[in-house]
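Okay, here's what each chain looks like letter by letter:
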Amino acid sequence: PAGVLPVTGTMRAEALAEAVRALDLSQIGEALLQEVGVANALYLYETLNRIELPPPEAIPDADAVKAQGLKQWSIPGTEITIAQVPDGVRAGEFLFTPDTVALAPQFFAVVRHLPVRRGPEHVIETWRNAPGVAMPDALAARIWTLPAWAFDPIAAQPLWKWLAVTLASVMGGGVAWLGWWVGRKLDRRCRKRGSDWRCGQPLALLCALAALVCLAFFVERVVQFRERPGVIAAVGITALNYLLVAWLATVVIGGIGRAIASGFSSGKGSLDAALIRLCSRILGILADRKSVV
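Now for a quick tour of the structure. Computed from a predicted structure; not experimentally measured.

1. Section: the pairing of strand 2 (residues 81–84)
And then number 1: Of the two faces of strand 2, the one holding Thr81 and Ala83 is buried and the one holding Ile82 and Gln84 is not buried anywhere.
And then number 2: Relative to strand 2, strand 1 (residues 72–74) runs antiparallel, the two being bridged by three bridges. Counterpart to Gln72 in the pairing with strand 2 is Ala83.
And then number 3: Where strand 1 hands over to strand 2, the hairpin turn is made up of six residues, of which Gly77 adopts a positive phi near 80 degrees.
And then number 4: The pairing of strand 2 with strand 3 (residues 94–96) spans three bridges and is classified as antiparallel. Looking across to strand 3, one finds that Gln84 is bridged to Phe94.

2. With respect to the nonpolar core
And then number 1: Leu23, Leu42, Leu44 and Ile80 are the most contacted members of the largest nonpolar core, which has 23 residues in total.
And then number 2: By residue number, the principal contributor to this core is helix 2 (residues 33–48), which donates seven residues.
And then number 3: If you look at the next biggest cluster of nonpolar residues, it comprises 15 residues, including Trp160, Ala168, Val223 and Ala233.

3. Looking at the packing of helix 8 (residues 159–192) against helix 9 (residues 200–223)
And then number 1: Across the interface, helix 8 lies against helix 9 with an axial gap of 7 Å and an inter-helix angle of 170 degrees. When the axis of helix 8 is compared with that of helix 9, the two are roughly antiparallel.
And then number 2: Partitioned by chemical class, the residues of the contact of helix 8 with helix 9 number 17 nonpolar, six polar and two charged.

4. Examining the environment of Lys185
And then number 1: If you trace the backbone, Lys185 turns up in helix 8.
And then number 2: Separated by 15 residues in the primary sequence, Lys185 and Gly200 have C-alpha atoms spaced 7.3 Å apart.

Conventions used here
Residues numbered from 1 in each chain as written. Predicted model: local features only at pLDDT ≥ 70, side-chain atom pairs only at ≥ 80, totals over all residues. Heavy atoms only, no water. Buried < 20%, exposed > 50% of the residue type's maximum accessible area, 1.4 Å probe, protein only. Helix = DSSP H or I, 4+ residues; strand = E, 2+ residues; numbered from the N terminus. Pairing = 2+ DSSP bridges. Core = buried A, V, L, I, M, F, W, Y, C linked by side-chain atoms within 4.5 Å. Axes fitted to C-alpha atoms, helices over the stretch in contact; angles between N-to-C directions. Parallel < 35°, antiparallel > 145°, perpendicular 65-115°, else oblique. Nonpolar A, V, L, I, M, F, W, Y, C, P; charged D, E, K, R; others polar.

Structure, rendered in structure tokens:
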């Protein structure tokens, strides 16, 4: 692995950041920017390592671009194109075009059977097997000492990543369940005391949100699922996060409404108390919809 990608997380991040900066990623959504950018940069790198490239003197430099008024240039015999960015924060820079970026996996699929002409081999395979940049260097180095079966691919991801994410998901689910169990006990005590403010459910939801945030960091930054499994995991975690936030907002607003109604009127069946409860429920529904949107 050290011959393909640097071992330390910092060095890995710097090398990949330089590669990603050569791509025009203006047509990729912010949520997928890093993952798609790194993946397609490596696909292009592997493709360029396998095809015949023109000699350096045949590639237009800054003087040739200015003299000929070039706006774009394609590698001879390919659709891999570098073009000047017309607008935006990187206007004037020459980057691999959005079409080239989008087609990078297909380019590699066409040439993957060819021998490597330059550079190291198995870059993409090593990248898929490598842990994320947030994993401590000492632990990341130990990953490469795992037995061969730990790197058997499942949906383009090594088995060790699936096992790590499964274990982390079970632990996160256990923490969320424990928080829910404690919350239910607190709410039972509140009901026995006749209190209208029940703190158990909000605390349980906060516990579940904290577990989800930790799981997201572990999956996306420590283990780092990549490509399609990584995208699916990120979308699923984001959707669950919005759901929990909406639920929490509904519970908190409802609890505030009950507490105000209880303090506003000693008679719980009074019209004022009933109106306050109704308003709190409406606000809870509105908060729920806004959080989901």
